[in-house]
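In case you want the letters, here they are:
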Amino acid sequence: MEHLEGLDGLIEQAPEFFMTYGLKALAAIVIFIIGKYLAGVAKRVTIKVLNSRKVDATVVSFVANLSWALVFIFTIIATLGQVGVQTASLVAVIGAAGLAVGLALQGSLSNFASGVLMVLFRPCRVGDFIEAAGKAGVVDEITIFSTRLRTGDNKVIIAPNSAIMNGTITNYSALEKRRIDLTIGVSYTADIATTKKVIADVLDSNESVLKDPGYTIGLAELADSSINFVVRPWVSTGDYWPTRFALLEQIKNALDAAEIEIPFPQMDLHVKEVPAK
């Protein structure tokens, strides 16, 4: 009888229990869904506002991701508070565990700090072709912890921000002009003045070669089997590789047409006959 009475009591309390805790759980779910949605809205609005003000794409990407993370963290705290978790105690626990978490996440915190520095000092921007952390590629996105690079053969590289900031960054897109450095070797029988004129005619006829600053053609080395000229024209940064490939082909054809020999490594083999005993 006592067991039945206890069961009856639980049945009588069930509606009240579900009304109290069920509504809290439902409210927590609603808060989480709405908060997650608002985090996405905050990210999209941030991107729209910054783009309308023509802010650099690097800053836009970083700030948008940071705004999403902040709203989502507040959503988690609000959700836990709705289900009865004491958020003040939670904050205290997080603060007390901050040192331990910081030690455990040294790499992540370093990446975050490096991401902030990249946004502030802008050693590279979205769209730049860089070489950093032992990799080369076009910067697609700079997030809170990592940087996304796209290589020339369309591979994606995710590099930690700390690895980029703690190393040497070579930014090939930072300036509007780049110099092409070529070494052209010709035979010792070739006339120096004629060779320089042939190469100069090729540079003058190429529309991608800039007139200002002017190009340089100079005798650089008297090598073992060739006379080596340095050819240094200036081009727009975006025209670097197409112009380099075109100039090599055009110079080769022009030297052939002028009957100027381009030597290649060769070896003379002498066979000495040994008389039979």
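As a starting point, this report considers the structure included with it.

Rules used throughout
- Residues numbered from 1 in each chain as written.
- Predicted model: local features only at pLDDT ≥ 70, side-chain atom pairs only at ≥ 80, totals over all residues.
- Heavy atoms only, no water.
- Helix = DSSP H or I, 4+ residues; strand = E, 2+ residues; numbered from the N terminus.
- Buried < 20%, exposed > 50% of the residue type's maximum accessible area, 1.4 Å probe, protein only.
- Contact = heavy atoms within 4.5 Å.
- Areas by Shrake-Rupley, 256 points an atom, 1.4 Å probe, with all protein chains shown as cover.
- Core = buried A, V, L, I, M, F, W, Y, C linked by side-chain atoms within 4.5 Å.
- Pairing = 2+ DSSP bridges.
- Axes fitted to C-alpha atoms, helices over the stretch in contact; angles between N-to-C directions.
- Expected span 1.5 Å × (residues − 1).
- Parallel < 35°, antiparallel > 145°, perpendicular 65-115°, else oblique.
- Left-handed = near helix turned anticlockwise from the far one by under 90°.
- Nonpolar A, V, L, I, M, F, W, Y, C, P; charged D, E, K, R; others polar.

The helix and strand tally for the protein chain stands at 7 helices and 10 strands. Sorting the 277 residues of the protein chain into buried and exposed places 27% on the buried side. Across the protein chain, every contact between residues at least 6 apart in sequence was considered, and the portion connecting residues at least 24 apart equals 65%. Of the accessible surface of the protein chain, which amounts to about 18,300 Å², a share of 62% is contributed by carbon and sulfur atoms.

Another point: the nonpolar core. Counting residues in hydrophobic clusters, the biggest one holds 22 residues, and the most contacted among them are Ile184, Val186, Ile199, Leu247, Ile251 and Leu255. Listing elements by their share of this core, those giving two or more residues are strand 7 (182-186), helix 6 (192-205), strand 9 (227-232) and helix 7 (240-257). Isoleucine 251 has contacts with Leu182, Ile184, Ile199 and Val202, leaving out every residue within four places of it along the chain. In this structure, Met118, Ile130, Val139 and Ile142 belong to the second largest nonpolar core, which totals 10 residues.

Note on placement: phenylalanine 264 falls in the segment after helix 7. Its relative accessible area of 52% is what places phenylalanine 264 among the exposed residues. Separated by 78 residues in the primary sequence, phenylalanine 264 and valine 186 place their C-alpha atoms 9.2 Å from one another.

With that out of the way, let us pick up the sheet that holds strand 5 (residues 170-171). Sheet architecture is open: 5 strands sit in the order 4-3-2-1-5, paired in antiparallel fashion. The open sheet has two edge strands with one neighbour each: strand 4 (156-160) and strand 5. As paired elements, strand 2 (residues 135-142) and strand 3 (residues 146-150) share 4 bridges and run antiparallel to each other. Paired with valine 138 across the bridge in strand 3 is arginine 150.

Before going further, it helps to spend a moment on the sheet that holds strand 8 (residues 216-222). Strand pairing in a sheet relies on backbone hydrogen bonds, with the paired strands running either antiparallel or parallel. Overall, antiparallel pairing links the 3 strands, which are arranged 7-9-8 in an open sheet. The sheet is open, and its two borders are formed by strand 7 and strand 8, each paired with just one other strand. Across the sheet, the mean angle from the axis of one strand to that of its neighbour is 30°, orientation sign disregarded. By the bridge criterion, 5 bridges tie strand 7 to strand 9 in an arrangement that is antiparallel. The residue bridging valine 186 from the neighbouring strand is isoleucine 227, located in strand 9.

Let us look at helix 7. Relative to the 26 Å expected for 18 residues at 1.5 Å per residue, helix 7 spans 26 Å between its end C-alpha atoms, a close match to the ideal helical length. In the core, the buried residues of helix 7 are packed alongside strand 6 (177-179), strand 7, helix 6 and strand 10 (234-236). Glutamate 259, located one to two residues past helix 7, shows a positive phi value of around 60°.

Turn length for the strand 2-strand 3 hairpin, with the two strands adjacent in sequence and antiparallel, is 3 residues. Bridge count for strand 3 against strand 4 is 5 bridges, and the pairing is antiparallel. Looking at strand 4, one finds that threonine 147 is bridged to alanine 159.

Turning our attention to the pairing of strand 1 (residues 129-132). Only one face of strand 1 is covered, namely the one carrying Ile130 and Ala132; the face carrying Phe129 and Glu131 has none of its residues buried. By the bridge criterion, 4 bridges tie strand 1 to strand 2 in an arrangement that is antiparallel. When the bridges of strand 2 are listed, alanine 132 appears paired with lysine 135. From the end of strand 1 to the start of strand 2, which pair antiparallel, there are 2 residues, and alanine 133 there has a positive phi angle of about 55°. Judged from the 2 bridges that link them, strand 1 and strand 5 form a sheet pairing that is antiparallel. Bridge pairing links isoleucine 130 to asparagine 171 in strand 5.

Okay, the packing of helix 6 against helix 7 next. Running from amino to carboxyl end, helix 6 crosses helix 7 at an angle of 140°, the nearest separation of the two axes being 9 Å. What the angle tells us is that helix 6 and helix 7 run oblique. When the axes of helix 6 and helix 7 are compared, the crossing they make is right-handed. Contacts between helix 6 and helix 7 involve Thr195, Val198, Ile199, Val202 and Leu203 from the first element and Leu247, Gln250, Ile251, Ala254 and Leu255 from the second. A per-class count over the contact of helix 6 with helix 7 returns 8 nonpolar, 2 polar and no charged.

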